[in-house]
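Architecture and fold: a report
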Amino acid sequence: VDLFRTRRALDATSRAELALSMLSRKSVFASDLKSLNAELWDSVVFKLDRGKRVFTGLSDPRSDWGGTILGSSTSEVATVLLALSESDPKNPDLAPLFDGMLQRTKVGRGFGSTYDSRRAVQAIVAYLQHAQPGTASSKVVAQGGGQTVELVVADRPKVARGQLLYDGGLS
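For the structure given in this document, a descriptive report is provided here. As the structure is a prediction and not an experimental result, all values here were calculated from the model.

Things to note about helix α6 (residues 114-130)
In this model, α6 (17 residues) spans 24 Å end to end at C-alpha, consistent with the 24 Å of a helix rising 1.5 Å per residue. All of the buried residues along α6 are Asp116, Arg119, Ala120, Ala123, Ala126 and Tyr127. Looking straight down α6, one finds its buried side chains confined to an arc of 125°; they lie on one side. Opposite the buried face of α6, by more than 90 degrees, sit the exposed residues Thr114 and Gln129. Against the buried residues of α6 lie α2 (12-23), α4 (73-87) and α5 (94-102).

With respect to the packing of aromatic side chains
Counted according to the given criterion, the structure contains two aromatic pairs. With a centroid separation of 6.4 Å and an interplanar angle of 75°, the aromatic rings of Phe46 and Phe55 are classed as edge-to-face. No difference in accessibility class separates Phe46 from Phe55, as the two residues are buried. Considering the side-chain rings of Phe98 and Tyr127, the 4.0 Å spacing of their centres and the 10° angle between planes classify their relative orientation as stacked. Here Phe98 is found in helix α5, whereas its partner Tyr127 is found in helix α6, with 29 residues between them in sequence.

The rules behind each value
- Residue numbers restart at each chain and count upward from 1, following the sequence in its written direction.
- Reporting in this predicted model follows two pLDDT cut-offs: at least 70 for local features of residues, and 80 or more for side-chain atom pairs to be given and counted; totals over whole chains, interfaces and linings ignore these cut-offs and use all residues.
- As a convention, hydrogens and water are excluded, and side-chain values are obtained from all of the structure's heavy atoms.
- Only DSSP runs of H or I covering at least 4 residues are called helices, and only runs of E covering at least 2 are called strands; the numbering of each starts at the N terminus.
- Helices are assigned an expected span. That span is 1.5 Å times one less than the residue count.
- Each residue is assigned to one of three classes by its accessible area relative to the maximum for its type, calculated with a 1.4 Å probe on protein chains only: buried under 20%, partly exposed between the two thresholds, exposed over 50%.
- Directions from the helix axis toward the C-beta atoms define the arc.
- The contact rule is simple, with two residues in contact once any of their heavy atoms fall within 4.5 Å.
- Geometry of aromatic contacts follows a simple scheme: Phe, Tyr and Trp rings, the Trp one being its six-membered ring, pair when their centres are within 6.5 Å, and the pair is stacked under 30 degrees between planes, edge-to-face over 60, tilted otherwise.

Structural data, given as structure tokens:
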């Protein structure tokens, strides 16, 4: 309760952690969580790119991570995504926030440090389990060697898997 009252002094990571803690007693903190969610969404910055909302960052990032604090801007985005996926799963802005977090990976390095990678994987799992951002279904059809594989990806489930064994080109 004291942390909630002084939350304006907290950065986005700390407020997201507070929301995650409050979610464990959702019935007790329902009205406070509503306020906290609104503040977390206010810290998420989007821009329009060809008419589509694209995540660009957080408006109140931690100014200094220092050498003794585990975390970075990547883990901060992941923590906010984690909290919002669990507390506001139907918000359509979860999809561009999720995409923005995925774009923080680097070839051969993943999300960076072990802590950042753990936080990002935790956020990915929460997004896949909880988020229902209302995105349109996508269908991918691959054909080759007399075989056809059709994959449909929708809100539930958000992933699809198929296998096509063929050494020629795909159509």
